[in-house]
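Spelled out from the first residue to the last, the chains are:
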Amino acid sequence: MKSFWLLPLVCVLMTILPGSGIAGLRIGDPIPVKDVKMKNIDGRELSIGEVAGDRGTLVIFSCNHCPFVKAWQGRIVSIGNNCVGRRIGVIMINSSDPAADLEEDFPHIKNQADAQGYMFPYVVDETSDVARAFGARRTPEAFLFDAKGLLIYHGGIDDNAFDADEATKNYLKDAIDALLEGHEVKIKETKSQGCGILFRSKDAPPDEIYR
Amino acid sequence: MLMLVAGCGNRDRETAVKLVKVIDIHELKNLISTQTNDVVFLHFWSTYCPPCMDEFPSMITLADKWEGHGVTVLLVSADSRRNVVAVNDYLVKHQMRHPCYVADNLNDTFITAISQNWSGALPASFFLDSHGTIVESWEGTRSYEAYDQVIRNLVNGDKKGNMKP
């Protein structure tokens, strides 16, 4: 069984993301589908491009039912709200199918934003195609773009979902700080536990990791 | 050798499982690397994850079915370590009689050590052959038959069809 731990290095180039048939975003890629309109909790139709800030843009795929989202909720809200005041555009996107979980319907989306004090848009990706375009697979999952709209960080919030006090690596916050300070982000990609996005049925699942 | 699906027999069906162990990535790596069974089925789930729970009866059936047939079934929960009692209660409720694990902080380090290509989404399944090579894996749920077929193929491949429970 020794070779098991070497395999990921071999297989890293084999990734095709779930249900999309395309590879996900890579560091340096531009914001995809930034002109696609999505319904915000206030009823407006918003695109990522319209939300983008002049110092950067934070896109977070999230949902309502997921315990991992709930575990990170306070930290996500804090980071998101702080970004708004620092000219980094923030948009939270719900790509999950309410037919798969009623908590993902629009009233729940609105209630969550209100209850948690989101100071940023929380929009509905009605086809899940925005998530597919990003290669997003789970919630929560963050994508941070610089002022030019190029991806500089992709991944989780920090390294401890259930205990903020025990988190030793604040990936997203550190990436945002680096962006604002004009430094290169040190840790550009991370993984974190999360709920699989409840993709609308068009071409998902299968969610194969290797093909 | 750790026979994780070593038999206790049906007499223990009603016995509460008290074998939920918090495990870190180093311990899990060691556990896998010391297996002598021909096939390892590694499955990550959580009591926080409704789709995971929907298919968990299949995991119990698979662990029962392949017990003693060269297959190690490793079920690792992504629940918080504070939730071990709840995990245990869930397993008892479902009459699970095989040892299970709770990951000690399933973070980037843990996930990446399992697979560079696993996003961290749950559930997630990995099938390892006798060489310890991941030959199949996926995120999300599948039917019982889909899981069983992969295991069957691996067992038959390794044992030339001699093991067909």
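Residues numbered from 1 in each chain as written. Chains lettered and ligands numbered in written order. Predicted model: local features only at pLDDT ≥ 70, side-chain atom pairs only at ≥ 80, totals over all residues.

Chemist: I'm lost on the overall build of chain A in this one. Help?
Modeler: When helices and strands are tallied, chain A shows six helices and ten strands. The burial tally for chain A puts 48% of its 211 residues in the buried class. Taking the contacts inside chain A whose residues are at least 6 apart along the sequence as the reference set, 75% of them involve residues at least 24 apart. (Helix = DSSP H or I, 4+ residues; strand = E, 2+ residues; numbered from the N terminus. Buried ≥ 20, exposed ≤ 12 C-beta atoms within 10 Å, placed from the backbone. Contact = placed C-beta atoms within 7 Å.)

Chemist: I would appreciate a short explanation of the sheet that holds strand 6 (residues 138-139) of chain A in the present structure.
Modeler: Adjacent strands of a sheet form backbone hydrogen bonds with each other and so pair up, either parallel or antiparallel. The three strands are arranged 6(A)-9(A)-5(B) in an open sheet whose pairing can be described as mixed. The sheet is open, and its two borders are formed by strand 6 of chain A together with strand 5 (121-122) of chain B, each paired with just one other strand. (Pairing = 2+ DSSP bridges.)

Chemist: Even after reading the chapter, I still don't get helix 3 (residues 67-84) of chain A, so can you show me in this structure?
Modeler: An α-helix turns once per 3.6 residues; consequently, residues spaced three or four apart project the same way. Residue and element names in this part refer to chain A. Over its 18 residues, helix 3 extends 25 Å from the first C-alpha to the last, a length consistent with the 26 Å expected when each residue adds 1.5 Å. Regarding helix 3, the residues found buried are Pro67, Phe68, Val69, Ala71, Trp72, Ile76, Ile79, Gly80 and Cys83. Residues of helix 3 that are buried in the fold lie against strand 3 (56-62), strand 4 (88-94), strand 6, helix 6 (171-181) and strand 9 (194-196). (Expected span 1.5 Å × (residues − 1).)

Chemist: Even after reading the chapter, I still don't get the nonpolar core, so can you show me in this structure?
Modeler: Across soluble globular proteins, nonpolar side chains have a tendency to be buried as a group. Within the largest apolar cluster, 102 residues are counted, with the highest numbers of intra-cluster contacts made by Ile91, Leu144 and Leu172 of chain A together with Phe41, Leu122 and Ile151 of chain B. In terms of residue count, helix 3 of chain A provides more of this core than any other element does, seven residues in total. Leave out the neighbours within four places in its chain, and Leu172 of chain A touches Ile79, Ala142, Leu144, Tyr153, Ile157 and Asp158 of chain A. (Core = buried A, V, L, I, M, F, W, Y, C linked by C-beta atoms within 7 Å.)

Chemist: Hey, could you run me through the sheet that holds strand 5 (residues 122-124) of chain A in this one?
Modeler: Residues and elements named next belong to chain A. Ordered by their spatial adjacency, seven strands build an open sheet running 2-1-5-4-3-7-8, and the pairing between neighbours is mixed. Every interior strand has two partners, whereas the edge strands, strand 2 (45-46) and strand 8 (151-155), have only one. Inspection of the sheet shows strand 3 paired to strand 4 by seven bridges, in the parallel sense. Bridge pairing links Phe61 to Ile93 in strand 4. Against the sheet, helix 3 engages strand 3 and strand 4, with an angle of about 160° to strand 3. (Axes fitted to C-alpha atoms, helices over the stretch in contact; angles between N-to-C directions.)

Chemist: Which parts of the structure should I look at to understand unusual backbone geometry?
Modeler: Most of the time, phi is negative for any residue but glycine, and the peptide bond is trans. Between Thr139 of chain A and the following residue, Pro140 of chain A, the backbone shows a cis peptide bond with an omega angle of -5°. With omega at -5°, the peptide bond leading from Leu122 of chain B into Pro123 of chain B counts as cis. Note that Pro123 of chain B resides in the loop between strand 5 and strand 6 (124-128). At Val33 of chain A, a position not held by glycine, the phi torsion is positive, near 35°. Looking at where Val33 of chain A falls in the secondary structure, it is placed in the loop between helix 1 (7-11) and strand 1 (38-40). If you check the backbone angles, Gln95 of chain B has positive phi at about 55° while not being a glycine. Following the sequence through the fold, Gln95 of chain B ends up in the loop between helix 3 (84-93) and strand 4 (100-103).

Chemist: Just to check I follow, could you spell out the confidence of the model for chain B for this structure?
Modeler: Any region with low pLDDT has predicted coordinates that should not be read closely. Residue and element names in this part refer to chain B. Of the residues in chain B, 84% reach a pLDDT of 70 or more, and the chain-wide mean stands at 84. Between residues 1-17, whose pLDDT stays under 50, and residues either more than four places distant or in other chains, the model counts 30 contacts. Overall, residues 159-165 carries pLDDT values under 50, and its contacts beyond four positions in sequence, including any with other chains, amount to ten contacts. (pLDDT = per-residue confidence, 0-100.)

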